[in-house]
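Residues per chain are reported as follows:
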Amino acid sequence: MLTSIIHRITGDGLAIVGGLLFTWWLAALAAGKDSYDWFLSWFTGPSWNILGYIVGVGLTLALFQHMMSGIRHLVLDTGAGYELKTNKTSSILTFVGAVVLTILFWGLILKDVIFAGAK
């Protein structure tokens, strides 16, 4: 049940926060170079704005959690996985998979940022 609730919350979060972020990006792009550079400074660059990274990691975690839960629901829609032990295991694996994918994703992104500063 918790997996289903989290699936709905992450879907809403992706729609609301992602939609607002996308709108902000489009507005900054339309407003010109200075506005767009200020937008990018929230998510890139040497300043490493912690709020930008929290939003980025949060949206990434929500995306992977929503995706993993969606795959689980797809399997359940085929009629498989309704046994109690299998259902609980797949529910736990959605959370584990989302965290692992988020760590791998951000590890790939930040390795270039970290090693670029070391050169």
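Cut-off values and rules
- Residues numbered from 1 in each chain as written.
- Predicted model: local features only at pLDDT ≥ 70, side-chain atom pairs only at ≥ 80, totals over all residues.
- Heavy atoms only, no water.
- Helix = DSSP H or I, 4+ residues; strand = E, 2+ residues; numbered from the N terminus.
- Rg over C-alpha atoms; globule rule 2.2 N^0.38 Å.
- Buried < 20%, exposed > 50% of the residue type's maximum accessible area, 1.4 Å probe, protein only.
- Contact = heavy atoms within 4.5 Å.
- Patch = residues over 30% accessible without salt bridge, like charges linked within 9 Å, V, L, I, M, F, W, Y side chains within 5 Å.
- Areas by Shrake-Rupley, 256 points an atom, 1.4 Å probe, with all protein chains shown as cover.
- Salt bridge = Lys/Arg side-chain N within 4 Å of Asp/Glu carboxyl O.
- pLDDT = per-residue confidence, 0-100.
- Phe/Tyr/Trp six-rings, centres within 6.5 Å; stacked < 30°, edge-to-face > 60°.

**Side note on the overall build of the protein chain**
And then number 1: Helix and strand content of the protein chain: four helices and zero strands.
And then number 2: Secondary structure of the protein chain in N-to-C order comes out as α-α-α-α.
And then number 3: Over its C-alpha trace the protein chain gives a radius of gyration of 18 Å, far above what one expects of a compact globule, namely 14 Å for 119 residues.
And then number 4: C-alpha extents for the protein chain along the principal axes are approximately 55 × 35 × 20 Å.
And then number 5: Counting across all 119 residues of the protein chain, residues that qualify as buried make up 21%.
And then number 6: Look at the contacts in the protein chain between residues 6 or more apart in sequence, and 67% of them connect residues 24 or more apart.

**Thoughts on a nonpolar patch on the surface**
And then number 1: There is a patch of nonpolar side chains on the surface, built from Ile 92, Leu 93, Val 96, Val 100 and Leu 104 and spanning about 460 Å² of accessible area.
And then number 2: Relative to the helices and strands, Val 96 is located in helix H4 (residues 84–118).
And then number 3: Exposure remark for Val 96: the relative accessible area of 43% places this residue in the partly exposed category.

**So, the confidence of the model for the protein chain**
One rule of thumb: low pLDDT means the predicted coordinates there are not for detailed reading.
And then number 1: Of all residues in the protein chain, 92% attain a pLDDT of 70 or more, and the chain-wide mean is 91.
And then number 2: Confidence, expressed as mean pLDDT per element, reaches its minimum in the protein chain at H4 with 89 and its maximum at helix H1 (residues 2–31) with 95.

**A short note on the packing of aromatic side chains**
And then number 1: Enumeration over the complete set of coordinates arrives at nine aromatic pairs.
And then number 2: Where Phe 64 meets Phe 105, the ring centres are 6.0 Å apart and the plane angle is 70°; that geometry is what we call edge-to-face. Residue Phe 64 is found in helix H3 (residues 50–77), and its partner Phe 105 is found in helix H4; the two are separated by 41 residues along the sequence.
And then number 3: On the accessibility criterion, Phe 105 (37% relative accessible area) is partly exposed.

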